[in-house]
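Structural overview for review
The residues making up each chain are set out below.
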Amino acid sequence: MSNYHIKHLEEYFQVYRKSVRDPEAFWEEIAEEHFSWRKKWDRVLRWDFSKPEVAWFEGARLNITENCLDRHLATQGEKTAILFEPNDPGEQAQHITYRQLHERVCRMANVLKEQGISKGDRVCIYLPMIPELAVAVLACARLGAIHSVVFAGFSSNALATRINDCQCKMVITSDGSIRGSKTLDLKAIVDAALESCPGVERVLLVKRTGGEVTLVPGRDTWLQPLLDGASPACEAEVMDAEDPLFILYTSGSTGKPKGMVHTCGGYMVYTAYTFKNIFQYRDGDVYWCTADIGWITGHSYIVYGPLANGATTVLFEGVPTYPDHGRFWKVVEKHRVTQFYTAPTAIRALARESLEYVEQYDLSSLKVLGSVGEPINEEAWHWYNNNVGKGKSPIVDTWWQTETGGIMISPIPFVTPTTPTYATLPFIGVQPALMDDEGNEIKGNQVSGRLCIKFPWPSMARTIWGDHQRYHDTYFSTFKNNYFTGDGALRDAVGYYRITGRVDDVIIVSGHNLGTAPIEDSINEHPAVAESAIVGFPHEIKGNALYGFVILKETGEGRDRENLRREINQQITEQIGPIAKLDKIQFVPGLPKTRSGKIMRRILRKIACRDTADLGDISTLLNPEVVQEIMDESL
Ligand code: WT7
């Protein structure tokens, strides 16, 4: 049982060295000791980044749902697998045991089978955060059907593009969704999407809102009666380790979304192993990741990673601000949550509000806090640490991507000493490299460059659905024999990594390379500032100058704007240098964000450059209305 659960720093270094010295022996041991396989592999790893081609555990046979469900039945069938917390705090939470989840997955798999789905078919899942979403994901995996979950907030256009790209035969959706005080008519969105999706034969409907829907005869069916009539047992399809498990779309900087393909064996091993260590999960813990299963974070760290470890994973339907800004903390208290994993954007939003929302709840159950999705700025880090973790729960700032499948750079709590804004050390088996513009690796510490990974890890995406050439060009052509992440990073004196942001967000001012993240950090530390984003705009002398979009806290709103501008620049000058001072500072009511909470700098850049004739598609933004407001006030 060695190496599965890292408990102190020396052990981390020792296991890390082993994982790099002989990756095959290392991963073979992990795979062998902690998972159930129908047949073991013929070969642990075959790879060639120039093609690129990567195969882990080739020849092995398994079904991931047997690892996530069946094998727990004998020892912990009555343990809660999924703890469902509905949007409405007055609605009862549901504790779904491993035995019940197993049965629900089997019934759903049998229904899918009856409806014509078999191994290799693509099934689109467009559901809100309700148990049926996890059940549908696992039911597909049970049959070897490839799930493509589309976040149930995407428009009908975005949905149709994703359905057509991988030719889904079926869509599983619901009448609607309820998030906060808003309901969304998902079925109507699906109907609109399907007008341009001739390949979809069946739509299965979960009832959630009770809203009116029109069923298209021969295509649409309510799911529940079918589930009631289905057998509660379903033999799992035996899959090849390298068979696709799912497709998940991620937006590229250009072009249509990329359908990242993840496979069964390596993905299972890596998500389970990272989950165990990065959240220090122990029996009896209640783990909560607030992401949506529509994103990779939800796939890997709500569904597969936790369930493969027999953990209790909270599935939350609502939003952090409903019925008030204390909801997260109320749920932590209610379910005695031990690990809490969220995004910096949520933390910043909650940090703007009164501390009473946090302080009225008992958060003493918390042991580990997590952050993911973007660099966490220093102020948000301290707020999270002081007010949520009370200084005793380590924050794991986890850096990874849809493409990487699992967490790549992160502290291990109680093992790796943390530093605000640093993702710290590579996880076991991960071999990062920093590259200069000429494509050479920059060795040593106190350096910065473009972040690459130079050796395969088990959960890496294997291709882009239907476009292997694009997979090659996007990730493997910039730096020879390396996977290029698109991020910039620095490695400090002790070898800790700090992700400085997407490389395309770098702004060159008077020949100096400025990452947006550290400047935004500095602005955000001003007591009157809630959040900010900076972009470059053309400047006669400097080449580029900086334009800052700044959201004020309520307490800052009454203050003199010119004074505030001076103070912000003074602060940047002190913390980074005069070179990073902003030429323009616009106070804005909000920032355009993607549904996953990332600031759309592309739009801000156009506004700053007064090039707003074509802003591109803004319909998939979380808050498209804010764009016009920013444009109206632009400087
Ligand atoms: C990009 C990937 C991984 C799940 C959520 C996002 C940024 C992610 C961090 C972090 C700094 C981060 C990177 C990365 N990012 N986590 N802890 N610190 N940056 O998945 O949508 O595929 O986005 O998110 O820029 O490349 P994604």
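None of these values were measured; they are calculated from a predicted model.

**A short note on the overall build of the protein chain**
When helices and strands are tallied, the protein chain shows 19 helices and 30 strands. The C-alpha atoms of the protein chain give a radius of gyration of 24 Å, which matches the 26 Å a tight globule of 635 residues would have. When each of the 635 residues of the protein chain is scored for burial, the buried share is 50%.

**Describing the sheet that holds strand β19 (residues 368–372)**
If you walk across this open sheet you meet the seven strands as β5-β4-β17-β16-β18-β19-β20, and the pairing is mixed. This sheet does not close on itself; its edge strands, each paired only once, are β5 (94–97) and β20 (395–398). For this sheet, the mean angle separating the axes of adjacent strands, direction not counted, is 20°. In this structure, strand β4 (residues 80–85) lies alongside strand β17 (residues 312–316), joined through four bridges in parallel fashion. Within β17, the position partnered with L83 by the bridge is V314.

**With respect to the pairing of β20**
Neither face of β20 is exposed, since I395 and D397 on one face and V396 and T398 on the opposite face are all buried. Two strands pair when backbone bridges link them, and β19 and β20 are joined in this way by four bridges, in the parallel orientation. In the strand pairing of β20, V372 is matched with T398.

**Focus on the confidence of the model for the protein chain**
Taken residue by residue, the protein chain gives an average pLDDT of 94. The fraction at 70 or more is 97%. Here the prediction assigns the complex a pTM of 0.86, and the interface score ipTM is 0.99.

**Re unusual backbone geometry**
Cis geometry marks the peptide bond from K51 to P52; its omega dihedral reads -20°. Within the fold, P52 resides in the loop between β1 (43–48) and β2 (53–58). Put simply, Y322 and P323 share a cis peptide bond, and its omega is 0°. Here P323 lies in the loop between β17 and α11 (327–335). One non-glycine residue, Q280, lies in positive phi territory at about 45°. Relative to the assigned elements, Q280 resides in the loop between α9 (264–278) and β16 (286–289). On the neighbour-count criterion, Q280 (21 C-beta atoms within 10 Å) is buried.

**Structural notes on the site of the ligand**
Within the structure, the ligand sits among 20 residues, and P375, W399, Q401, T402 and I499 are positioned closest to it. Secondary-structure elements contributing two or more residues to the shell around the ligand are α10 (296–308), β20, β24 (483–491) and β25 (497–502). Looking at the shell around the ligand residue by residue, the classes come out as seven nonpolar, nine polar and four charged.

**Remarks on the sheet that holds strand β22 (residues 447–453)**
The strand order across the open sheet formed by four strands is β21-β22-β24-β25, and the pairing between neighbours is antiparallel. Pairing within the sheet leaves two strands with one partner each, and these edge strands are β21 (432–435) and β25. Averaged over all adjacent pairs, the angle separating strand axes in this sheet is 45°, with direction ignored.

**Remarks on the packing of helix α2 (residues 23–34) against α9**
The geometry of α2 relative to α9 is characterised by a closest axis approach of 11 Å and an angle of 85° between their N-to-C directions. Taken together, the axes of α2 and α9 are roughly perpendicular relative to one another. Of the residues in α9, those touching α2 at W27, I30, A31 and H34 are V269, A272 and Y273. Looking at side-chain class alone, the contact of α2 with α9 contains six nonpolar, one polar and no charged residues.

**A word on helix α16 (residues 516–524)**
Of all nine residues in α16, nine are buried, a share of seventy percent or more. Of the residues making up α16, those classed as buried are T516, A517, P518, I519, E520, D521, S522, I523 and N524.

**A few points about the environment of Y16**
For Y16, the location among the structural elements is in helix α1 (residues 9–21). Taking the C-alpha atoms as reference points, Y16 and P426, 410 residues apart in sequence, are found 8.7 Å from one another.

**Quick word on the pairing of β1**
By the bridge criterion, five bridges tie β1 to β2 in an arrangement that is antiparallel. Each bridged residue has a counterpart across the sheet, and for W47 the counterpart in β2 is V54. Counted along the chain from β1 to the antiparallel partner β2, the turn is four residues long.

**Regarding the nonpolar core**
Formed by 166 residues in total, the largest nonpolar core has its most connected members in I125, Y126, A136, V137, A139 and L159. Sort the elements by how many residues they give to this core and helix α5 (residues 131–143) lands first, with ten residues. Each residue touching V137, except ones within four places of it in the same chain, is listed here: I125, H147, V149, I293 and V303. Core analysis: the next-biggest nonpolar cluster, separate from the first, contains 28 residues, I523, I534, V627 and I630 among them.

**Observations regarding the environment of R162**
Structurally, R162 can be placed in helix α6 (residues 156–165). Along the backbone, R162 and I247 are 85 residues apart, and their C-alpha atoms lie at a distance of 9.9 Å. If near-sequence neighbours (up to four positions away) are discounted, R162 is found in contact with C124, S148, V150, Y249 and P257.

**Points about the packing of α9 against α10**
Closest axis-to-axis distance for the α9/α10 pair is 8 Å, and the angle between their directions is 90°. The orientation of α9 with respect to α10, classified from their angle, is roughly perpendicular. Listed contacts from α10 to M268, T271, A272, T274 and F275 of α9 are S300, Y301, Y304, G305, P306 and A308.

**Quick look at α2**
For α2, built from twelve residues, the straight-helix expectation of 16 Å at 1.5 Å per residue is met to within 8% by its first-to-last C-alpha distance of 17 Å. On its buried side, α2 packs onto α1, β1, β2 and α9.

**Some points on the environment of G536**
Position of G536 relative to the elements: it lies in strand β28 (residues 529–539). Exposure remark for G536: the 23 C-beta atoms within 10 Å place this residue in the buried category. Beyond its immediate sequence surroundings of up to four residues, G536 is in contact with I507, N544, A545 and L546.

The rules behind the values
Residues numbered from 1 in each chain as written. Predicted model: local features only at pLDDT ≥ 70, side-chain atom pairs only at ≥ 80, totals over all residues. Helix = DSSP H or I, 4+ residues; strand = E, 2+ residues; numbered from the N terminus. Rg over C-alpha atoms; globule rule 2.2 N^0.38 Å. Buried ≥ 20, exposed ≤ 12 C-beta atoms within 10 Å, placed from the backbone. Pairing = 2+ DSSP bridges. Axes fitted to C-alpha atoms, helices over the stretch in contact; angles between N-to-C directions. pLDDT = per-residue confidence, 0-100. Near = placed C-beta within 6 Å. Nonpolar A, V, L, I, M, F, W, Y, C, P; charged D, E, K, R; others polar. Parallel < 35°, antiparallel > 145°, perpendicular 65-115°, else oblique. Contact = placed C-beta atoms within 7 Å. Core = buried A, V, L, I, M, F, W, Y, C linked by C-beta atoms within 7 Å. Expected span 1.5 Å × (residues − 1).

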